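Coordinates in review
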Amino acid sequence: MPHRFDFLVLGSGVAGLSFALQAARHGTVAVLAKRERAESNTAYAQGGIASVLAPTDTFDAHIEDTLVAGAGLCHRDAVEVTVKEGPGRVRELVELGAEFNRRSTGEFDLTREGGHSARRIIHSGDITGREVQRALLAACDEQPNITFFPHTAAIDLILDRRTPNPAAHRCLGVYALLENGDIERFLAKVTVLATGGAGKVYLYTSNPDVATGDGVAMAYRAGARVANMEFYQFHPTCLFHPEAKSFLISEALRGEGGKLRLKGGATFMERYHPLGALAPRDVVARAIDAELKRTGDECVYLDMTHLGRAFLMERFPNIYATCRAFNIDMAVQPIPVVPAAHYMCGGVVTDLDGRTTVPGLYAIGEVACTGLHGANRLASNSLLEGLVFGYRAVKVAVEELRTHAPPKEEPPAWDSGSAVESDESVVVTHNWDEIRRLMWNYVGIVRTDKRLMRARRRLELLREEIRDYYWRFKVTRDVIELRNIAEVAYLIVDCASRRKESRGLHFTLDYPHTDDHHWLRDTVLSREL
Ligand code: FAD
Ligand code: SIN
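Here's a quick rundown of the structure. Residue numbers restart at each chain and count upward from 1, following the sequence in its written direction. Whichever chain is written first is A, and whichever ligand is written first is 1; the rest continue in order. Residues qualify for local features only when their pLDDT is at least 70, as the model is predicted, and side-chain atom pairs are given and counted only at 80 or more; totals for whole chains, interfaces and linings, by contrast, use all residues. Just so you know, side-chain values use all the structure's heavy atoms and leave hydrogens and water out.

**Examining the nonpolar core**
Filter applied, for reference: Among buried residues, those of type Ala, Val, Leu, Ile, Met, Phe, Trp, Tyr and Cys that are joined through side-chain atoms within 4.5 Å constitute a nonpolar core. Exposed residues in this analysis have more than 50% of their type's maximum accessible area, buried residues have under 20%, and partly exposed residues fall in between, with area computed by a 1.4 Å probe over protein chains only. What counts as a helix is a DSSP run of H or I of at least four residues, what counts as a strand is a run of E of at least two, and both are numbered from the N terminus. Here, two residues are considered to be in contact whenever any of their heavy atoms come within 4.5 Å of each other.
Judged by nonpolar contacts, the single largest core of 80 residues is most densely connected at Leu193, Ile435 and Met439. Residue contributions to this core peak at 13 residues, all from helix H14 (residues 477-498). The contact partners of isoleucine 435, leaving out residues within four places of it in the chain, are Val201, Leu459, Leu462, Ile466, Leu482, Ile485, Ala486 and Ala489. Counting 48 residues, the second largest nonpolar core, distinct from the first, contains Leu17, Phe148, Leu384 and Val394.

**Let's talk about the layout of surface pockets**
To keep things clear, this is the line we draw: Only protein atoms enter the calculation, which uses a 1 Å grid: trapped sets of points that fit a 1.4 Å probe without letting it out are cavities, open sets showing protein on both sides within 12 Å along at least five of seven lines are pockets, and any residue with an atom within 4 Å of a point is a lining residue. Grid points are joined across faces, edges and corners, and a volume is the space filled by probe spheres set on the points. For this classification, Asp, Glu, Lys and Arg are treated as charged, while Ala, Val, Leu, Ile, Met, Phe, Trp, Tyr, Cys and Pro are nonpolar and the rest, including Gly, are polar.
The calculated volume of the second largest pocket comes to roughly 900 Å³. Asp156, Arg161, Arg221, Trp471 and Arg483 are the residues nearest the centre of the second largest pocket, which is lined by 31 residues in total. Those elements giving two or more residues to the lining of the second largest pocket turn out to be strand S7 (153-160), strand S8 (170-177), helix H6 (214-221), helix H13 (449-472) and H14. For the lining of the second largest pocket, the per-class residue count stands at 18 nonpolar, no polar and 13 charged.

**Examining empty space enclosed by the protein**
To find the voids left in a structure, one rolls a probe of water-molecule size over its atoms. Counted under the stated rule, the structure contains 3 cavities of 30 Å³ or more. Within this model, the largest cavity holds a volume of roughly 50 Å³. Put simply, the parts of the chain that give the lining of the largest cavity at least two residues each are strand S11 (232-239) and helix H8 (281-295). If you tally residues by element for the lining of the largest cavity, the top one is H8, at 3 residues. Across the lining of the largest cavity, the residue classes tally to 5 nonpolar, no polar and 2 charged.

**Brief notes about the site of ligand 2**
Let me state the cut-off plainly: Whether a residue is near a molecule or strand depends on its heavy atoms: it is near if one of them lies within 4 Å of it. Under the rule applied, a polar contact is a pair of N or O atoms within 3.5 Å (in protein, one hydrogen donor and one hydrogen acceptor; residues adjacent in sequence only if both atoms are side-chain atoms). Computed with the Shrake-Rupley method and a 1.4 Å probe, the accessible areas treat only the protein chains shown as cover for residues.
Taken together, the residues surrounding ligand 2 are Gln46, Gly47, Glu113, His235, Leu248, Ser250, Glu251, Arg281, His342, Arg377, Ala379 and Ser380. Take histidine 235: an N or O atom from its side chain is 2.7 Å from an oxygen atom of ligand 2. In this structure, serine 250 approaches ligand 2 through a side-chain N or O atom, which is 2.6 Å from an oxygen atom. Protein coverage of the free-state accessible area of ligand 2, which is 260 Å², stands at 93%. Residue composition of the shell around ligand 2, by class: 2 nonpolar, 6 polar and 4 charged.

**Here's the deal with the site of ligand 1**
Contacts to ligand 1 come from 37 residues, most closely from Thr42, Gly48, Asp214, Glu366 and Ser382. The backbone of alanine 194 places a nitrogen or oxygen atom 3.4 Å from an oxygen atom of ligand 1. The contact in question runs from an oxygen atom of ligand 1 to an N or O atom on the backbone of leucine 383, over 2.8 Å. Protein chains bury 98% of the 1,000 Å² of accessible surface belonging to ligand 1 in isolation. For the shell around ligand 1, the secondary structure elements donating two or more residues are helix H1 (14-23), helix H2 (41-44), S7, strand S14 (335-344) and helix H11 (382-403). Here the shell around ligand 1 is composed, by residue class, of 13 nonpolar, 19 polar and 5 charged.

**Concerning the packing of aromatic side chains**
Note the cut-off: Here a pair means two rings of Phe, Tyr or Trp (six-membered ring of Trp) with centres within 6.5 Å. Their orientation is stacked below 30 degrees between planes, edge-to-face above 60, and tilted elsewhere. Two conditions define a charge sitting above a ring: the NZ of Lys or the CZ of Arg must be within 6 Å of the ring centre, and it must be within 35 degrees of the ring normal.
By the definition in use, this model includes 14 aromatic pairs. For the ring pair tyrosine 469 and phenylalanine 473, a centre distance of 4.7 Å and an interplane angle of 55° mean the geometry is tilted. Each member of the aromatic cluster is reached from another via a ring pair, and the members are Tyr202, Tyr204, Tyr232, Phe234 and Trp440. When the ring centre of phenylalanine 148 is taken as origin, the NZ or CZ atom of arginine 37, which lies over that ring, is 4.5 Å away. Arginine 483 extends its terminal NZ or CZ atom over the ring of tyrosine 470, reaching a point 3.9 Å from the ring centre.

What follows is the structure, encoded as structure tokens:
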């Protein structure tokens, strides 16, 4: 028998939990998470949440900074909604019990990050995301209407295909793989993708293992519109250490005065942008990439030594302790850093209420392309987006409870056909590695038509092989994820190949300039059904 709920939420990060908490007032809610429910990009967020909370700050300034970072492609309405509704959502988080740093006067301690013209980042030390998720999970646990299903991976969306018009096929829920290997149906009147980003598409990433772009891949396969996948954000400063698995060194360190230096100690960011080390992220990541290529060095350095041990330990306890664990004492030596894939600015196209182009399907948080980020996300705008759109989507989704009765016939149970246990798991590990490596080498911070073409050819072959494997062998989580990263990688290459200019996060040597005349628009893809 299928599991039935009013609302089905795929993902337990800031966006999914914000939605679940509000939706629980109107009906039953299932929240699926691929691993433990606290494992998500949200849990690793360090810097904080950008929000206009200081009396000296203004909505106009936050809007302007977001638009500038977005390099002409932000949708102004999405920016206005996020910035103006943000402070209300942040205050609700505080009411739920989320603890943020305060000054001795009791006001929030606001920090600064790249591209922001003011101090407007509310933070919880350097583990803001963990605190946000803790508070939201605790609040969800008080709601009897919410049921969590950890270790449950959605495989594909179930569509009601009874009408001939594919555009009218309504989403009825998902097939999902349970920990014991069973595949079950989760059905709902409203299905919400809150599956986060896809950093694992790249060899080096700040993201945890769950970030494999499942939501984008599932939505695209179901015919949803997807946009702006060429704009993958690379965070300039991840710890460079063979065992650190791309641990993030927050931009807030530069906000507090950290200096980027080359091996010999010289600073270089002033040669690239008037804001120096606090330039927008795309500029800093490209500058580091250029310096590494020029010098042949393996990393650059973030110098915090002038700020003193006591301040560093108090303000950045997690980063300080993690560096110490790798034998780096940031109070006396600069931290070795390199860029890594960090944030997916594109995603599943939605309106201002989280509705996708598939009826009954919503997308919120990093998986969505609301128009807020344009060609480059402003630092700390994504936790904010998750809070704002998680809340907004509920308001329209509850209407669907009234207006849409589920079909009388049940969608069919999962059919494994003649699939058998795999005896070739090496195919999965090999292809997984190949995709991530080719994306890093050919579709990274600096692109060319030739590299994109190479990536496309290889991905076409890999996708064919993965498709064959997927139908021949029993589904496992590794195979689901591999199939999805291959899909997302292809979407990134496709979008990047279409955009014949450089803008925001998309930089190509073949078209190094921004061309507003032809390209001041989103790159939108949807599968022929
Ligand atoms: P996530 O928090 O990533 O949650 C995704 C959820 O979906 C997880 O529960 C996962 O298990 C689940 N899921 C995925 N696929 C499936 C599937 N197939 N089936 C079932 N469940 C699935 N942003 C800021 O604004 N400020 C910051 O300071 C900041 N710092 C960051 C630091 C790091 C190291 C990283 C990685 C990101 C940071 N970001 C920051 C970005 C921000 O954390 C994310 O964009 C945001 O948390 C995404 O939230 P989300 O709810 O959309 O997705
Ligand atoms: C950071 O702390 O540098 C990450 C902030 C973000 O990604 O918004």
